[in-house]
Amino acid sequence: MSAALIERQEDSVTLQIRIPLSRSLLDTERDIQHALNAAGLLATTEALKQFDTDGSPLRLGQARYTSKGQEPKGYQTPYGEAVVARHVYQTSAGGATFCPLERDARIILASTPRFAQVVSHKYAEMAGARVVTDLQANHGRKTSLNVVQRLADAVGGVAQAKEEQWHYASPELEEPVRTIGVGLDGTCLLLVEDGYRQAMVGTISLYDRHGERLHTTYVAATPEYGKDTFQQRLGREIEHAQGLYPRAQVTGVADGAADNWDFLSRYTDDGCVDFHHVTGYLSGAAKAAHPSSFRQREEWLEERCHRLKHQAGAVGEILAELEGLTERELSESAREDLGKAVSYFRNQGGRMGYARRVRAKLPIGSGVTEAACKTLVKMRLCRSGAKWREQGAAVVLSLRALSYTPGRWEQFWSKVDRYGFPVEN
């Protein structure tokens, strides 16, 4: 055996490991990993034992529980399966059993918290079968797809269940927060039952007085009718940020969808439609301004975009110019693109105060949110051939929102360690 227990004291264990050295460093490194896994398994087994009771009766609420004796059980650890004999309790009336070791050691299903943390983090990034392969190839740890999926489902389920009760602190920032920028957008994923539906992603970004982004919190939700669940989640995060930074201005950036602004108006002082969306409409209108010259179209577009960002009153002037272009003889496609631009400026012109926002160092683009759609949803849930059930997609999105928000993943597991894991074992 490559590892052996030498001494066990109340608060420590001493282990001895033996590692054969060969002329192949690769082989030696594999042997090192094998020995360290063996040592980790021994140490974890001893660590688990300290959470067991001495078998004395326990009282939980009004019920008295007595031990049925020590029963062996295997627990999944980062290093292998640790088999531990532990006391299992039950009332005299029978019914559900209770294991103090599993409660106090924060066992998750039949896994240690660290193994659950590793597996769920990997599952947030890759399919379950790839997690199994990765653990074997890179950690020397064999496990099954069933273990991976059940653990990820359990961790993701608790992340969702504790959203209202567990609040997370923002990391320590180098500059004071002057602006809280809120964005939301949707992107499609393929569901088994309903085909392509729109998942929602939200961002709460903190900016300093120079307009530099300091931190972003991510929120995501699976497709739903009405978006109530998503809006409640995002609303809680906005209110939490407002509580942390009560003097910061809250502003919104989104596309022109009416339901986006119905939501943002509840929380933000002001907002703007995404500048990139506006340039897209102007790019279409440029074909009406200069049908035959690509270079002139580009110059026309660049000049209008510059005016929008730096000249007060530019929105009305550009709208008047666009309306004037409708009098020209145009191709069907050019007239259609121009009509879209005119409608967008008429409907959204009040949310195009870019010159004022640029001067005030406020965000004018939703790039953070659009990037989050790709990062949280597309990169994991929209791979070739991927098709999801709603609950499976919800687990992945919860895990990814936690792991991609700086500091959240560590805080989540600190809360699990402090409060326990509210899943039936």
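Quantities reported herein were computed from a predicted structural model and do not represent experimental measurements.

Conventions adopted
Residues numbered from 1 in each chain as written. Predicted model: local features only at pLDDT ≥ 70, side-chain atom pairs only at ≥ 80, totals over all residues. Heavy atoms only, no water. Helix = DSSP H or I, 4+ residues; strand = E, 2+ residues; numbered from the N terminus. Core = buried A, V, L, I, M, F, W, Y, C linked by side-chain atoms within 4.5 Å. Buried < 20%, exposed > 50% of the residue type's maximum accessible area, 1.4 Å probe, protein only. Salt bridge = Lys/Arg side-chain N within 4 Å of Asp/Glu carboxyl O. Pairing = 2+ DSSP bridges. Axes fitted to C-alpha atoms, helices over the stretch in contact; angles between N-to-C directions. Contact = heavy atoms within 4.5 Å. Expected span 1.5 Å × (residues − 1). Arc of directions from axis to C-beta.

**Quick notes on the environment of Asp31**
No. 1: One can find Asp31 in helix H1 (residues 25-49).
No. 2: Here the alpha-carbon distance between Asp31 and Leu21, two residues ten residues apart in the chain, equals 8.3 Å.

**What about the nonpolar core?**
No. 1: If you look at the biggest cluster of nonpolar residues, it comprises 51 residues, and the most contacted ones within it are Ile180, Leu282, Leu322 and Phe345.
No. 2: A total of seven residues in this core trace back to one element, the largest contributor, which is helix H8 (residues 275-289).
No. 3: Formed by 44 residues, the second largest nonpolar core is a distinct cluster that contains Val118, Val131, Ala372 and Leu397.

**A word on the pattern of salt bridges**
No. 1: If you walk through the whole model with that rule in mind, you get 25 salt bridges.
No. 2: Two residues, Asp104 and Arg103, come together in a salt bridge whose shortest N-O distance is 2.8 Å.
No. 3: Classification of Asp104 by relative accessible area gives partly exposed; the value is 33%.
No. 4: Under the relative-accessibility criterion, Arg103 is labelled partly exposed at 39%.

**Points about the sheet that holds strand E4 (residues 63-77)**
No. 1: The strand order across the open sheet built from four strands is E3-E4-E5-E6, with neighbouring strands paired in antiparallel fashion. Sheet topology places strand E3 (58-60) and strand E6 (94-98) at the edges, where each strand pairs with a single neighbour. Neighbour-to-neighbour, the strand axes of this sheet turn through a mean angle of 45 degrees, independent of strand direction.
No. 2: With eleven bridges joining them, E4 and strand E5 (residues 80-91) adopt antiparallel strand pairing. Bridge pairing in E5 links Tyr65 to Thr91.
No. 3: Strand contacts of H1: E4 and E5, with the helix running at about 10 degrees to E5, the strand carrying the most contacts.

**A word on helix H4 (residues 128-139)**
No. 1: Here H4 spans 16 Å end to end across twelve residues, near enough to the 16 Å set by a 1.5 Å rise per residue.
No. 2: All of the buried residues in H4 are Gly128, Val131, Val132, Asp134 and Leu135. The arc that holds the buried residues of H4, viewed along the axis, is 165 degrees, so those residues lie on one side. Pointing more than 90 degrees away from the buried face of H4 are the exposed residues Arg130 and Ala137.
No. 3: On its buried side, H4 packs onto helix H3 (113-125), helix H5 (145-161) and helix H13 (367-381).
No. 4: Within two residues after H4, Gly140 carries a phi angle of roughly 65 degrees, on the positive side.

Purely geometric numbers; function is a separate question.
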